Number of protein chains: 2
Amino acid sequence: MENKTSKRRGTKPSPEKVSWAVINRLPRYHRYLGELLNQNILRISSSELSKLMAVTASQIRQDLNCFGGFGQQGYGYNVKYLYGKISELLGVEESYNAIIVGAGNLGKALVSSHMFERRGVTRLAMFDVNENVIGTTVSGIKVLSMDELEDFCNLHTVDIAVLTTPKECAAEVLDRLFACGVKGVWNFSNTELKTEDKDRTILNMHMGDFLMTLCYEIKKKEDKGV
Amino acid sequence: MENKTSKRRGTKPSPEKVSWAVINRLPRYHRYLGELLNQNILRISSSELSKLMAVTASQIRQDLNCFGGFGQQGYGYNVKYLYGKISELLGVEESYNAIIVGAGNLGKALVSSHMFERRGVTRLAMFDVNENVIGTTVSGIKVLSMDELEDFCNLHTVDIAVLTTPKECAAEVLDRLFACGVKGVWNFSNTELKTEDKDRTILNMHMGDFLMTLCYEIKKKEDKGV
């Protein structure tokens, strides 16, 4: 049920009150709501949003009610307000600096993505051990030698490192990155990295998990068809 | 609470009874349990598994109890049995054929990944429109012309297409793939693709959503530190 009143409108969303599962879904809401704003759609019911996002209306109400009373019965959600609140919670106004470690195919693909710019993340440099790529430029970003990592991080504030090295050296590179003051590592090295340091963040990407989910969906539909 | 009895041991997990959120978490359980088996660890308590996977023990019990009574009090989970049941539910024994559309940096990075082999997915070919890459080979997989797509799909059973084209042509390529009988599309083209066809599956990857989650975590820890 959407809340009848908008009494709690001014409530500042508190990260502590919002579960990790909801947080993980917020970028998607943010993306869809931004798209609605671009189309000048200023209000939307949970059922319309549900249809658009292919999520149950009950899930949407449950997720969005975490922030307080956004929805008004008979009116729906105020798109601009909701977008603003989610932006605030996700901290999209904060700017960060990133480096990409590993200038292979994946590193090159990632560094060329618009997602960094869109999120306010500045790509400072790439790093590699391969003499053939050191000194080259990918999408305007220079590839430096791994030997220069520490000096570079002393000169620049590096918040984020995107790790695309082979998994054999991932743990060693992680230690160097954290020693350099990097706060968050986005790990594509196909190994599970961990840290005991509660001030650091590691986001492990396991592409194989997604492939497995896709195969599961295909099988489920095949089974139904039989 | 873990179940005291193992009465329901023989229960076949039914996909209908397991929520989408749980399904999405299963590949991760599968990965960790496989790792435990490799280390010859045959039983594990939910609290140990919780520590290992950095998930709450209650979440683990809730997820794994979906399948029936795996856990036994004082004994914990039977790793081999649980791994088998999750494998069965995920359908990891099923083999599929895949093509990769787009042989740019991302396509090249993905085609070189071991995840396909590990999941029993055979990479048949790559496709591109760029004359400079058509005819070349990436990780042993040949790059064919997009003009050959329909003929190729007539000759081979193609279950999965990994879509790494620019977003401008993604929708058009999707139509062609579905017309060719492709069952599932793993979409990296940075656009939200949809289908009305209930027999087809689209898995949209939005890398920017992950970047946003990482930035959120960094900000949260910074805020706490202040």
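Residues numbered from 1 in each chain as written. Chains lettered and ligands numbered in written order. Predicted model: local features only at pLDDT ≥ 70, side-chain atom pairs only at ≥ 80, totals over all residues. Heavy atoms only, no water.

Details of a negative patch on the surface
Residues and elements named next belong to chain A.
Move 1: Where like charges cluster on the molecular surface, the negative patch consists of Glu131, Asp147, Glu148 and Asp151.
Move 2: Tracing the backbone shows Glu131 in the loop between β4 (121-128) and β5 (137-138).
Move 3: On the basis of relative accessibility, which here comes to 65%, the residue Glu131 falls in the exposed class. (Patch = residues over 30% accessible without salt bridge, like charges linked within 9 Å, V, L, I, M, F, W, Y side chains within 5 Å. Areas by Shrake-Rupley, 256 points an atom, 1.4 Å probe, with all protein chains shown as cover. Salt bridge = Lys/Arg side-chain N within 4 Å of Asp/Glu carboxyl O. Lys, Arg positive; Asp, Glu negative; His and termini not counted. Charge placed at Lys NZ, Arg CZ, Asp CG, Glu CD. Helix = DSSP H or I, 4+ residues; strand = E, 2+ residues; numbered from the N terminus. Buried < 20%, exposed > 50% of the residue type's maximum accessible area, 1.4 Å probe, protein only.)

Some thoughts on the relation of the copies chain A and chain B
Move 1: The transform that puts chain A on chain B rotates by 180 degrees and translates by 0.0 Å along the axis, for an RMSD of 0.0 Å. As the rotation angle and translation indicate, the two copies are arranged about a two-fold axis. For chain A, the minimum C-alpha distance to the rotation axis belongs to Asn105 of chain A and amounts to 2.4 Å.
Move 2: A share of 100% of the interface residues of chain A reappears at the interface of chain B, consistent with the copies meeting face to face through the same patch. (Least-squares fit on C-alpha atoms with pLDDT ≥ 70 in both. Contact = heavy atoms within 4.5 Å.)

A short note on the confidence of the model for chain A
Residues and elements named next belong to chain A.
Move 1: Overall, the predicted model of chain A reaches an average pLDDT of 88, with 88% of residues at or above 70.
Move 2: Low pLDDT, under 50, characterises residues 1-11; the stretch is placed with 34 contacts to residues that sit more than four places away or in other chains.
Move 3: With pTM at 0.88, the complex prediction returns an ipTM value of 0.89. (pLDDT = per-residue confidence, 0-100.)

Section: the sheet that holds strand β7 (residues 160-163) of chain B
Move 1: Strand order in the open sheet formed by 7 strands is β5-β6-β4-β3-β7-β8-β9 (chain B), with mixed pairing between adjacent strands. Both edges of this open sheet fall to β5 (137-138) and β9 (201-204) of chain B, since each of them pairs with a single strand only.
Move 2: Relative to strand β8 (residues 184-187) of chain B, β7 of chain B runs parallel, the two being bridged by 4 bridges. Within β8 of chain B, the residue paired with Ala161 of chain B across the bridge is Val185 of chain B.
Move 3: Against the sheet, helix α9 (residues 207-225) of chain A contacts β3 (96-101), β4 (121-128), β7, β8 and β9 of chain B, and its axis sits at roughly 155 degrees relative to β8 of chain B.
Move 4: Contacts from helix α8 (residues 170-179) of chain B reach β3, β7, β8 and β9 of chain B within the one sheet, and its direction differs from that of β7 of chain B by about 170 degrees. (Pairing = 2+ DSSP bridges. Axes fitted to C-alpha atoms, helices over the stretch in contact; angles between N-to-C directions.)

Quick look at the domain arrangement of chain A
Move 1: In terms of domains, chain A is made up of domain 1 (7-90) and domain 2 (96-209).
Move 2: Between domain 1 of chain A and domain 2 of chain A, the C-alpha centre-to-centre distance is 32 Å. (Domains from an automatic or database assignment.)

Some thoughts on the environment of Ser95 of chain A
Move 1: Inspection of the secondary structure puts Ser95 of chain A in the loop between α4 (79-90) and β3 (96-101).
Move 2: The spatial distance from the C-alpha of Ser95 of chain A to the C-alpha of Asp159 of chain A is 9.5 Å, given a sequence separation of 64 residues.

Things to note about the sheet that holds strand β7 (residues 160-163) of chain A
Residues and elements named next belong to chain A.
Move 1: Here 7 strands make up an open sheet; going across it, the order is β5-β6-β4-β3-β7-β8-β9 and the pairing mixed. Strands at the two margins of the open sheet, each flanked by one partner only, are β5 and β9 (201-204).
Move 2: Looking at chain direction, β5 and strand β6 (residues 141-145) are connected through 2 bridges and run antiparallel. Bridge pairing links Val138 to Ile141 in β6.
Move 3: Each of β3, β7, β8 (184-187) and β9 is contacted by helix α8 (residues 170-179), which is oriented at about 170 degrees to β7, the strand it contacts most.

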